[in-house]
Amino acid sequence: WRVGIAVIAKENYPLYIRSVASQSELKFHYTVHTSLDVVEEKISAVGKSLGDQRELYLGLLYPTEDYKVYGYVTNSKVKFVIVVDSSNTSLRDNEIRSMFRKLHNSFTDVMCNPFHNPGDPIQSKAFDGIVSGMMVQTG
């Protein structure tokens, strides 16, 4: 099962953060924050060789004892982080990719809303619905 999903702005502040269990929320925030360094490393390593890539699936950023952390970056440098319980071994790479695509599409819809100011926290019910759907899905 999914532990949580985060959308991080280009300037590394959270636009949207949601975790399943409230008792481990602090740990989740810390995990997301820690993953940003890995994301930056991967972007700078891959960015030089890829040139202008529209989107970037970064794959498994790092595993911890409790979680597996996956990353994705848009062409506008917005970062998506999905944290999954490390006991979930049935989740395949292509499923993670498709979750990021779904998240990216929904994020694009939010950004296209004329009433949303880019840089503001995401408060879209539709986006929330997509995230909720992802978090209850099991592998």
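All figures in this text were calculated on a predicted structure; none of them were measured in a lab. (Residues numbered from 1 in each chain as written. Predicted model: local features only at pLDDT ≥ 70, side-chain atom pairs only at ≥ 80, totals over all residues. Heavy atoms only, no water.)

**Q** Describe the overall build of the chain, with residues and values.
**A** What the chain contains, in helices and strands, is three helices and five strands. Of the regular secondary structure in the chain, the N- to C-terminal order runs β-β-α-β-β-β-α-α. With 139 residues in all, the chain has 42% of them scored as buried. For the chain, the proportion of contacts with a sequence separation of at least 24, taken over those separated by at least 6, is 53%. (Helix = DSSP H or I, 4+ residues; strand = E, 2+ residues; numbered from the N terminus. Buried < 20%, exposed > 50% of the residue type's maximum accessible area, 1.4 Å probe, protein only. Contact = heavy atoms within 4.5 Å.)

**Q** Any details on the nonpolar core? Residues and values, ideally.
**A** In terms of nonpolar packing, the biggest core is built from 24 residues, with Val7, Phe100, Leu103 and Phe127 touching the most fellow members. Those elements that place two or more of their residues in this core are β1 (2-8), β2 (14-19), β4 (67-74), β5 (79-85), α2 (93-112) and α3 (125-136). No other element matches the six residues that α2 contributes to this core. Not counting residues within four places of it along the chain, the set of residues in contact with Val7 comprises Tyr13, Pro14, Leu15, Tyr16, Val78, Lys79, Phe80, Phe107, Ile122 and Phe127. Counting 18 residues, the second-largest nonpolar core is a separate cluster that includes Val39, Leu56, Val73 and Val83. (Core = buried A, V, L, I, M, F, W, Y, C linked by side-chain atoms within 4.5 Å.)

**Q** Please provide a residue-by-residue account of α3, values included.
**A** The end-to-end C-alpha distance of α3 is 16 Å, a good match for the 16 Å that twelve residues give at a rise of 1.5 Å each. Within the span of α3, buried status applies to Phe127, Val131, Met134 and Met135. Seen end-on, α3 carries its buried residues on one side only, within an arc spanning 95°. Seen from the buried face of α3, the exposed residues on the opposite side, beyond 90 degrees, are Lys125, Ala126 and Val136. Capping of α3 at its N-terminal end is provided by Ser124; its side-chain oxygen lies 3.2 Å from the backbone amide nitrogen of Ala126. (Expected span 1.5 Å × (residues − 1). Arc of directions from axis to C-beta. Polar contact = N/O pair within 3.5 Å; in protein donor to acceptor, adjacent residues only side chain to side chain.)

**Q** Let's hear about the pattern of salt bridges: which residues, and what values?
**A** Counted by the stated rule, this structure contains four salt bridges. For the salt bridge of Asp66 with Lys27, the shortest nitrogen-to-oxygen distance reads 2.2 Å. Of this pair, Asp66 sits in the loop between β3 (55-63) and β4 while Lys27 sits in helix α1 (residues 25-50), and the two are 39 residues apart along the sequence. For Lys27, a relative accessible area of 40% puts it in the partly exposed group. Between Asp93 and Arg97 there is a salt bridge, with the nearest N and O atoms lying 3.9 Å from each other. (Salt bridge = Lys/Arg side-chain N within 4 Å of Asp/Glu carboxyl O.)

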